[in-house]
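Remarks on the overall topology
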Amino acid sequence: MAHEHGHHHHDHGHGHHDHGEGADLGHGPGAGKRFPFHKMDRLDSAERQARQPADKLVELVAEGRPETILDIGVGTGYFALPLLDALPGAKVTGLDVEPRMLGVLVGRALERGVFDRVDTFEVPRDDAERLPTPEDAFDAAIMVNFLHELDDRPGYLAGVRRTVKAGGRFVVCDWDAEGDAEHGPPLEIRVPVDVATAELKAAGFEKVTRHDLYPNFFTLVCE
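I will try to describe carefully the structure that is included in this document. What you see is a predicted model; the values in this text were computed from it and never measured.

Burial in helix α2 (residues 54-62) covers these residues: Ala 54, Leu 57, Val 58, Leu 60, Val 61 and Ala 62. Where α2 is buried, its residues touch α3 (80-86), β5 (138-144), β6 (164-175), β7 (208-211) and β8 (217-222).

Next up, the structure:
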């Protein structure tokens, strides 16, 4: 899920592989096929809410009581908006390559009265793996269903390490390479959890802990 800086009304970009039925759970600024905007409803579908309910990941992020959160591949705010509900003093910066998604997010933030707590960056599609955020800017970052889309995982993860403050946490959730292939991306393009763990440690996260929040996904808390 990267963009130029957009304030409150900027586009939200989603770079996704269209994995058929499973594409409803992919979003990010990454390269690959775009997540089709006409399939936006999948990002908030009842099926996704059953398979990957936001509250579990939100609770994990909220444990650290972060005040500033980076949501990489924020989409329409599936996790970002519940995070704002759970953390009344927090602010979320959302990155995406799909401006229309970001527009939906901003509209929802206005409806919920949290517009002043959301900032957006639209990441240019031709520069989708650039992380346009300053060093030590965030208490926490999240990246959901996007790791497998990155072409340069080591470089991108090192960038996340730089933008998360010392003592902060980075929560990564993605499709499990040992899960089933009925939904989501093909098994062969998923990142094995041991590979993801090794790459996150190489990026500078000293402690990487797995949490089994959702069947067919792995969730890693990196500190």
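Picking up where we left off.
Here we come to the pattern of salt bridges. Tallied over the full model, the rule gives 10 salt bridges. Lys 165 is paired through a salt bridge with Asp 139; the nearest N and O atoms lie 3.3 Å apart. A residue pair is termed long-range when its members are at least 10 positions apart, and Lys 165 in strand β6 and Asp 139 in strand β5 qualify at 26 residues. Take Lys 165: its relative accessible area is 30%, and that puts it in the partly exposed class. Linking Arg 210 and Asp 212 is a salt bridge whose minimum nitrogen-to-oxygen distance equals 3.0 Å. Using a relative accessible area of 62% as the deciding quantity, one classes Asp 212 as exposed. Within the structure, one salt-bridge network assembled from shared partners comprises Glu 63, Arg 169 and Glu 223.

We now examine the layout of surface pockets. Over the atoms, a rolled probe matching the size of one water molecule traces out where space is still vacant. Quantified by volume, the largest pocket comes out at close to 160 Å³. Forming the walls of the largest pocket are 14 residues, and the residues nearest its centre are Lys 91, Val 92, Thr 93, Asp 119 and Phe 138. Looking at the lining of the largest pocket residue by residue, the classes come out as seven nonpolar, three polar and four charged.

Reading the values: rules and limits
Residues numbered from 1 in each chain as written. Predicted model: local features only at pLDDT ≥ 70, side-chain atom pairs only at ≥ 80, totals over all residues. Heavy atoms only, no water. Buried < 20%, exposed > 50% of the residue type's maximum accessible area, 1.4 Å probe, protein only. Helix = DSSP H or I, 4+ residues; strand = E, 2+ residues; numbered from the N terminus. Contact = heavy atoms within 4.5 Å. Salt bridge = Lys/Arg side-chain N within 4 Å of Asp/Glu carboxyl O. 1 Å grid on protein atoms, 1.4 Å probe; cavity = no way out; pocket = protein on both sides within 12 Å on 5 of 7 lines; lining within 4 Å. Points joined across faces, edges and corners; volume = space filled by probe spheres on them. Nonpolar A, V, L, I, M, F, W, Y, C, P; charged D, E, K, R; others polar.

Limitation: the analysis is restricted to geometry and does not speak to function.
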